[in-house]
Amino acid sequence: MKDAYFIGIDVGGTKIAGALISAQGRILTRTKLSSPKNAHSSQVIRVIAGVIQEILEEKRVPRKAIKGIGIGIPGVVDATRKKIITTPNIGLSGVALGRILERRFHIKTLLENDVNLGTLGEKYFGVAKKARHVIGLFPGTGIGGGIIINNQLFSGAHGAAGELGHMTLRLNGPLCGCGHHGCLEALASRWAIERDIHKAVREGQKTIIKKLVKNKFGVIKSGVLKEALKRNDRTTKRILTEKSMVIGQACVSLRHIFDPEMIVLGGGLIEACGYFMLPIIKRSVASDRFFNKIEPCPVVASKLADDAVLLGAAALFKLVNAAP
Ligand SMILES: [Zn+2]
């Protein structure tokens, strides 16, 4: 496998990114195209194939050295049948994407949930290389997760495991996009923070965020939260402290369920505000007396950032080769 190369694809709601990656996790070339909006599956497939075609046309390595194409999908995937079961934000539900691409490119193609791949990327090429049992938690616009047990991804009976953002933390908490109340995502994702800042403003609390978004007070991106923290905005600090405590509480529960060697935190919110949030999250995890006499469980920020899914897509082939 030493001279093997892989194509990693990260299918997102706004862009479809691709990279040519060596077996050692080095990115040789990368490209991206915009995701078509409200498009039919055939159009989305055309864009994904376009990204792969572009990488192949660069001819950085001989075609026969490319041993696989790994694809990260924002949804539930039937990895065995190489089929997408459901993707809420992009029109690929029900599509046997793996088979379609294999017929077109004659290269082995594997599909997996994108956040699962992000966690796998960190395990094989990032911050969790030495750990066999890893939990990935990625608070961004929503909150995704990934579970690695014994160096293998755990995706459950139907490919839907690891949706850690939808664990219930408050029985009568706010409504989540999934239809339940009090999910981690409804409490501590970027959209939950946005909702709470809007509410604080309605209640008359002062915040610099209104000025930072130039009174376009709708979406509040993670970068704006970072800037507000930098300017010592009290409302932002209060809300992010509370959210960090909720994420910490989720990490404590995850530790009780999985006893991982490491919890990796990534995603846009952590990338932007991790320096403020991580110490609070770590304190929550360290204060769990149940684990007093057991080795500590490090809570660590992702190392690969935006490349985690692409590199995880290449790492998928390591799992296939390691499998008995
Ligand atoms: Zn939910």
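Notes on the structure in this doc start here. In this text, all values refer to a predicted model and were calculated from it rather than measured experimentally. Counting starts from 1 at the beginning of each chain's written sequence and moves along it residue by residue. The predicted origin of the model limits local features to residues at a pLDDT of at least 70 and limits the giving and counting of side-chain atom pairs to 80 or more, whereas totals for whole chains, interfaces and linings rest on all residues.

Let us look at the sheet that holds strand S10 (residues 152–153). Two strands are said to pair when DSSP picks up at least two bridges between them. Helix numbering and strand numbering both begin at the N terminus, where a helix is a DSSP run of H or I of at least 4 residues and a strand a DSSP run of E of at least 2. Read across the open sheet, the 5 strands follow the order S10-S9-S8-S11-S12; overall the sheet is mixed. Two strands bound the open sheet, and with one partner strand each, they are S10 and strand S12 (299–301). Of the strand pairs in this sheet, strand S8 (residues 134–139) and strand S11 (residues 262–265) are connected by 4 bridges, and their pairing is parallel. Within S11, the residue paired with Leu137 across the bridge is Leu265. Relative to the sheet, helix H3 (residues 114–125) contacts S8, strand S9 (143–149), S10 and S11, its axis offset from that of S9 by approximately 50 degrees. Two residues qualify as a contact pair if the distance between their C-beta atoms, derived from the backbone, is within 7 Å. Structural elements are reduced to axes, namely lines fitted to C-alpha atoms, with helices fitted over the stretch in contact, and the angle between N-to-C directions of any two is expressed from 0 to 180 degrees. Against the sheet, helix H9 (residues 268–286) engages S8, S11 and S12, with an angle of about 170 degrees to S12.

Side chains three or four residues apart in an α-helix point the same way, a direct result of the helix having 3.6 residues per turn. In this model helix H1 (residues 41–57) runs 24 Å from its N-terminal to its C-terminal C-alpha over 17 residues, within 8% of the 24 Å that 1.5 Å per residue would give. For H1, the full list of buried residues reads Val44, Ile48, Val51, Ile52 and Ile55. Axial view of H1: buried residues confined to an arc of 90 degrees, hence all on one face. In H1, the exposed residues that point more than 90 degrees away from the buried face are Ser42 and Glu57. Taken together, the buried residues of H1 touch strand S1 (5–11), strand S2 (15–22), strand S3 (27–34), strand S4 (66–73) and helix H2 (97–105). Here, expected helix span is obtained from the residue count minus one, scaled by 1.5 Å. To sort residues by burial, count the other C-beta atoms lying within 10 Å of each one's C-beta; a count of 20 or more means buried, 12 or fewer means exposed, and anything in between means partly exposed. C-beta atoms are built from the backbone. What the arc describes is the spread of directions from the helix axis to the C-beta atoms.

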